[in-house]
Amino acid sequence: MPGPLDGIKVLELAQIIAGPFCGTALADLGADVVKLESPQGDASRRIGQFAPGESKAFHGLNRGKRGIVLDLSSSPGQSVAHRLIPQFDVFVTNVRPGVAERIAMDYDTLARLRPDLIYLEVTGYGTRGPSAQRAGSDVVVQAYSGLLAGDMKVDRRGAPEPITASAPSDYVAALGGAMGVCAALFHRQRTGEGQRIATTLLGAGLALQAPWAGDVPVSDAILIEPLRRMMSEMREAGASYAELIDARRSRPNQGRAFRIYYAGYPVKDGAIILGALTPQNRDQIRRALGIVDDPTDDDDFNAIGPDADAIVSRIEEQIRSALAGGTIEEWMAKLDAVGAPASPVNWLEDMADDPQVVAMDMMPTIEHPLTGPERQVGPLVQMSKSTTGSDRSSPPLDADTDAVLRKHGFTDDEIGSLRAAGVVGADASG
Amino acid sequence: MPGALDGIKVLEVTQIIAGPMCGVMLSDMGADVIKIESAAGDGMRLLGQFAPHESKGYHVFNRGKRGMVLNLQHPDGQAVVHRMIPEMDVFLINARPGVPQRLGIDYDSLRSLNPSLIYLENTAYGPSGPSAHRAGADIIAQAYSGLMAGDEKVDEHGGPDLITATTPADFAAAMTSSIAVCAALFHRERTGEGQKIDTSLLAGAMMLQNAFASRLPVSDAIMLQPVLDGLAAVRERGGSYREMLAAKGGIRALVGGAFLLYYGGYQTSDGAIMLGCVTPSNRNQVRNALGLGPDDDPTDSGDFNAMAEDSAEIVARVRALISERFAADTTENWVAKLDQAGAPAAQVNMPEEMVDDPQVRALGIMVDLEHPITGPETMVGPPFDMSATPTAARGSSPPLDGDTDEVLAQYGYSAEGIASLRASGAAGLPAQS
């Protein structure tokens, strides 16, 4: 079965995560993605580089694509790109605002060459507003959007620490972009019309915090306004970042009773997470742990009453000491038996061999032409009538330049002279 | 201009975040989304409830939808869904595996009523495998997938602390679901064929880590094996979660220490600043702004070896120097200097204050809506713009049972029919509430 985007041609001028991962998501859905790199290559080739120009990050974020090298700072390089564009359905870029215009790869220029082109642009802060021209990357937008403070990590020097498990703004911008492209393809199929799609790391960072980022005056008067006042008073008094985070963490919280069943606890040989969302989930956990006198789900329990804190602390201590007495295996058996949401805290380094990951085939094996076999996180979704996923690895730098150019009507002589002039291909010296 | 999914009808039986957020994004692109709830309502209505059945979380994850209450345990309630399905394009569900079958709303049942239906099922662990039937939630997927240990937060008792800034697995699953629905609509437009789509919190969480999760023998021999050996050694001697993190972190610091000098946070004289350098030229921009020369920081010079014995010492010395410079001036001044140099850097904002941020306002990221019960509100709008088919927040979240009668009437129920569904408890809230 072909993928749902079978036959769709995507040209990608992107680096690091947000743009490239959008290209990978489209490749997983069956699109034919050609990645356009400068002679230096995507910078993520050098983050954790283990062979020249090859890194695990680059491999994971660029599988399923073919790669070509083109010097877009030169006008002959731009001409080559312009000759390719009419045969592409989608163009994906995450260059800084202004750069696309400078290298003649902006929407207006490309739409003249291919009127129904779908043009996706991912930027840090957007194309207008006071910060439009500022440099952005995932951690910077984590900081700007509030994600970083919301994660409340402070290092031992009192400085803020980013969310290290992933690059959340990058990934959400990539996914938002891929969604926009798919919706635009649907629209083009119905109407024949192409369009420009814009997504930002900042918008992605805020979307990830939607429940907390908004204003609902009726609710905020009680829960948020006091917090905003406290933070602004502390700032005026010269409080440090660590002090602000500490105050934010320890504010009166009507959700504390919820949090003791939605939290992590150490056990004998590691740690376990409880993830109760409903009163039934909490009852399941209480049964598994043998907790019999927890009033926090009773109708008459007052979460903001004077003794609420002491009661919640007492139950939290019971949960903590119960769990500390067993191993991961013992507790998971008991919690699974009652149907409670719980998990061991796993290590990413072990996940490739995890039985559930293996059973769902979430990490298929692909072969890289330079570095051999590798197992990677595979496609986003399974679809019953369309195959998702790709057998193709990330491209070595400059691997497919000649083949792609030939396919788009360039003769061997033309390609030879473009290479000799340094317009296409990686540096001969490199 | 109408949205890209104008005219597309979506029916959702979802709750909490992953399923509902998928519905919001389809609605942002113009789809007509109807949410079915039980009389108790989506569990999200009760988390941070500030008026009966109304919470901020529910409002943001359900804006733009109409809402109806149906009792899907009741055969008449199921019959209502079956009567509506032929007119729907998309069906979304995020129940535990097995529940759709029990309620008569599984793919096979609904497909027999509408062969071109696009049916999306999101679960915690996926539809098969040893964990398929286990209960899940965002933090369960955070823990199971490695995200939580990867964030390396430990609480005062030595337990793992979750990523609190967001619910990453839920959002990743919601977004992959929306992408898949759009791709399936495109496929249906080209071929006429509907299909079933499966997504999971686990797959979403793994995707968020794809840069680190893979196995690549040539690279792993050098970079990953020491981490695995370190973890195994701590486990062998019965070490704690904190000790396991330390073993992992120590190795990570060795490999990535120099990179993290310019990709991390520092204290300033009045707060904090974050640097986000991903290229050598970014790092040079920061060094110039800080007044650091090649003698002060050799970590980008060709002969610096991150795996050498003295590399940790060199990185620590540079970090102390950078910390000292940042501590000597205010956040505002540093951000101005770094902007001037073109380096990626930002002040650290608090989420509660973002609603008034000038950049957020300039982009129109936040939208103003009116809720029929709780009044005006401002919330995060669609995460992307489209030039020909604009995305837009189409309205507030529905009050519980807000649109049941209207939707039933739209799908051919008479006033008497609606009244008898209400009387039997198959639709709507119980009379006494």
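About the thresholds
- Residues numbered from 1 in each chain as written.
- Chains lettered and ligands numbered in written order.
- Predicted model: local features only at pLDDT ≥ 70, side-chain atom pairs only at ≥ 80, totals over all residues.
- Helix = DSSP H or I, 4+ residues; strand = E, 2+ residues; numbered from the N terminus.
- Contact = placed C-beta atoms within 7 Å.
- Buried ≥ 20, exposed ≤ 12 C-beta atoms within 10 Å, placed from the backbone.
- Pairing = 2+ DSSP bridges.
- Nonpolar A, V, L, I, M, F, W, Y, C, P; charged D, E, K, R; others polar.
- Expected span 1.5 Å × (residues − 1).
- Arc of directions from axis to C-beta.
- Core = buried A, V, L, I, M, F, W, Y, C linked by C-beta atoms within 7 Å.

Enquirer: Any details on the overall build of chain A? Residues and values, ideally.
Expert: Scanning chain A from terminus to terminus reveals 20 helices and 14 strands. The C-alpha extent of chain A, read off along each of the three principal axes, is 85 × 50 × 50 Å. Pairs at least 24 apart in sequence give 70% of the contacts found in chain A among residues at least 6 apart.

Enquirer: So what's going on with the pairing of strand β5 (residues 65-69) of chain B? Which residues, and what values?
Expert: Residues and elements named next belong to chain B. For β5, the buried fraction is high: four of the five residues fall into the buried class. The pairing of strand β2 (residues 32-37) with β5 spans five bridges and is parallel. Note that in β5 the partner of Lys35 across the bridge is Gly67.

Enquirer: Run through the interface of chain B and chain A, naming residues and quoting values.
Expert: Of the residues lining the interface, 145 residues belong to chain B; the matching set on chain A comes to 145 residues. By residue number, the principal contributor to the side of chain B that touches chain A is helix α8 (residues 168-191) of chain B, which donates 16 residues. A per-class count over the side of chain B that touches chain A returns 82 nonpolar, 44 polar and 19 charged. With two bridges connecting them, strand β14 (residues 382-383) of chain A and strand β8 (residues 195-200) of chain B associate as antiparallel partners. Bridging across to β8(B), A:Gln382 finds its partner in B:Asp198.

Enquirer: Help me get a handle on helix α12 (residues 225-236) of chain B, residues and values and all.
Expert: Residues and elements named next belong to chain B. The end-to-end C-alpha separation of α12 is 16 Å, in line with the 16 Å expected for twelve residues at 1.5 Å each. The complete set of buried residues in α12 reads Val227, Leu231 and Val234. All buried residues of α12 fall inside an arc of 65° around its axis, so they share one side. What points out from α12, more than 90 degrees from its buried face, is the exposed set Asp229, Ala232 and Glu236. Gly238 occupies a position one or two residues after α12 and carries a positive phi of about 70°.

Enquirer: Would you mind going over the nonpolar core in detail, with residue names and values included?
Expert: Counting 260 residues, the largest nonpolar core has A:Leu26, A:Cys182 and B:Ile179 as its most contacted members. The contact partners of A:Cys182, leaving out residues within four places of it in the chain, are B:Ile179, B:Cys182, B:Ala183 and B:Phe186.

Enquirer: Got a sec to walk through the sheet that holds β2(B)? Specific residues and values, please.
Expert: Within a beta sheet, neighbouring strands are joined by backbone hydrogen bonds and run either parallel or antiparallel to one another. If you trace the seven strands from one edge of the open sheet to the other, you get β14(A)-β8(B)-β7(B)-β6(B)-β1(B)-β2(B)-β5(B), paired in mixed fashion. Of all the strands in the sheet, just β14 of chain A together with β5 of chain B have a single pairing partner and so form its edges. Looking at chain direction, strand β6 (residues 90-93) of chain B and strand β7 (residues 118-123) of chain B are connected through four bridges and run parallel. Following the sheet pairing, B:Val90 is matched in β7(B) by B:Ile118.

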